[in-house]
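What follows is the residue order along each chain.
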Amino acid sequence: MTARISRRGFLGTATTLGIAGAAVGISAQPAAARPAAATPVRAHSQRSQLPLPNAIDATDPALLSATEAASLLQDGSLHPRELLDACLTRSHEYDGGIGSWIRIYPEVAYDAAEKAAQRLSSAGRASAGETPPLVCGLPIALKDMFAVSGLPVTASSRVLEGNIAAGDSTVWRRLSEAGMVLMGHAHCDEFAIGVATAQVGNPWNPEYSPGGSSGGSAAVLAARFSPLATGTDTGGSLRLPASATGITSVKPTFGRCSTYGTIPLNWTRDHTGPMARSAADASLLLSYMAGVDVNDPTTSVGPPVPDDGYPLAAQGGKSPLAGRRFGIPRKGVDKLPGSLGTLFSEFTDTVVALGGTLVDVTMPTYPTGLLTGDMAEAGNYHQQFSDRIGLYKPERALFVGQALASMAVPVADYMTLAHNRLRYQHEYNHMLSEHNLDAILVPGASVDGSKRSEVAGIALFDGVTADVAWANYTGAPVVTTPAGRSKETELPFGVQLGGRMWDEAGLIQIALELQAAQPFWQEAPPLIRNARQIPTSVTAQPGIGPDPTNTQNVGFSFRFVPTSS
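Attention in this report is confined to the structure presented alongside it. (Residues numbered from 1 in each chain as written. Predicted model: local features only at pLDDT ≥ 70, side-chain atom pairs only at ≥ 80, totals over all residues. Heavy atoms only, no water.)

### Side note on the packing of aromatic side chains
Scanning all chains against the criterion turns up 10 aromatic pairs. Between Phe191 and Tyr392, the ring centres sit 5.7 Å apart and the planes meet at 40 degrees, which makes this aromatic pair tilted. Separated by 201 residues along the polypeptide, Phe191 in the loop between β3 (181-186) and α6 (215-222) and Tyr392 in the loop between α11 (370-382) and α12 (394-406) bring together distant segments of the chain. Here the two residues Phe191 and Tyr392 agree in accessibility, since each one is buried. Pairwise contacts between aromatic rings join Phe191, Trp267, Tyr381, Phe385 and Tyr392 into one cluster. Sitting above the plane of the Tyr473 ring, Arg269 keeps its charged end 4.5 Å from the centroid. Above the face of the Phe560 ring, Arg421 is positioned so that its terminal group lies 3.7 Å from the ring centre. (Phe/Tyr/Trp six-rings, centres within 6.5 Å; stacked < 30°, edge-to-face > 60°. Helix = DSSP H or I, 4+ residues; strand = E, 2+ residues; numbered from the N terminus. Buried < 20%, exposed > 50% of the residue type's maximum accessible area, 1.4 Å probe, protein only. Lys NZ or Arg CZ within 6 Å of the ring centre and 35° of its normal.)

Shown next, in the form of structure tokens:
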């Protein structure tokens, strides 16, 4: 029987935890059946960083942060089904005015919740001989680009209507093995091409865009429909929605999280990453998403994921950022509209108050012609749908037509573009080294809110709503953190914390200190009750593959390699 939440139930003492998983193996099976890397073997010190159960207000479980919910689930004060019930109920009651979900999977979710409950129980722990992962029983939304075997994956496009995944994306396989509960797929901009996700309303004001392309995932989080979500980032698609909706995202170093089994936009720019309300929540999710995958060679390039996972708590103290140096790209900052300029200035004031040092820097200049290579990669994937051009939204059909035409670029030119991109990465690294920087602070938006109708046709390559391409061309990690809300529009605004290759842990720790000092992430939009009958799906026969997305996703035999050179 599902136990009801009560104050009395919060008084138990947290159980000492550890996490174990299976080792990674290499297989010669076909791509669709080839196993992805299993959950890493780690003894997480993260347990001690979770909030104490008796300090958590769980009047409405849907309002819990991921780390709060994890604490109660591990403590036994909260049942996974209770948490799922609350999240689904809230989604049905309020998503009518937002439209964040494209599909939900109640049957799949409740089955996963019961399995998680068994794993979390005393009997389950005893029979397994191990303590459950900290994300066990936590609900999650996947961007409609991540394949889940036997469930639809459509990139929010009529082009893939009826498409059923042939296998699991590596990210979902990792999270599923850790016991997470899949609620559903969240809307995205069609094929992740744009910056608007115009079919979704920003929970803070539905007339405005939640950003793109991971706008549905961001809206799910801001509206408190799910504590965790995944997104992708090819040109700001994790960061733009985070800034627009007041949540937190981590765009990891290119190759830190596998892209196998996700619908691509650009193979050499695509990143997968966690989205959550707080830096602690996003860090918890990243600890289970990241790692080596034999199906994605770039994941083998960098240093190992920390054995004890990524940090979950601020170190605190009077000057937790003492000794850290932060670069400010003054040229872009000076162009911010008044309301955003004020928020950015207040944010940097907080950095200084916590002991950080600010340094004006000049970002390297983008080499000319990089867009040509981007469009050629997009065309290479979308050519398989050339007989379905009429099914794309008109503005996306135009983009796809241009992308197909870009495939005519001479091979020698494409190779020159790849070389120029490497040079750009070296210039970025040089900027960090020259000024001895721990991070750069880049505005998460250059406009104070965007009406959905105004940005519906803008492609992310256009770069008109924020400076974001630098992180995709370099592959550098970025944490986007809330920095308050505009006094003019009352919409959120975020700041990108960019750093050195593979230094996710350092950036997350900085974000934790800033969020402890200014907990903007705790602010929730005042939703108006607007019920919606959200479309549902059940597990079906998987597609034929060979790729988990059930599309022709061959990509290139090489990937861009991030370095600290």
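### Section: the nonpolar core
Counting 134 residues, the largest nonpolar core has Leu138, Leu175, Met180, Phe191, Leu441 and Leu497 as the members making the most contacts within it. No other element matches the eight residues that helix α8 (residues 279-289) contributes to this core. Every residue in contact with Met180, bar those within four places of it in the chain, is listed here: Ala112, Val135, Gly137, Leu138, Pro139, Ile140, Trp172, Leu175, Leu228 and Leu285. Grouped together as the second largest cluster of nonpolar side chains are 19 residues, Met363, Tyr424, Leu437 and Ala476 included. (Core = buried A, V, L, I, M, F, W, Y, C linked by side-chain atoms within 4.5 Å. Contact = heavy atoms within 4.5 Å.)

### Here we look at unusual backbone geometry
Residue Ser213 is bonded to the preceding Gly212 through a cis peptide linkage, with omega at 5 degrees. On the secondary structure map, Ser213 appears in the loop between β3 and α6. Although it is not a glycine, Asn436 adopts a positive phi angle of roughly 55 degrees. Under the relative-accessibility criterion, Asn436 is labelled exposed at 51%. Although it is not a glycine, Asn550 adopts a positive phi angle of roughly 65 degrees. Assignment of secondary structure puts Asn550 in the segment after α16 (504-517). Using a relative accessible area of 22% as the deciding quantity, one classes Asn550 as partly exposed.

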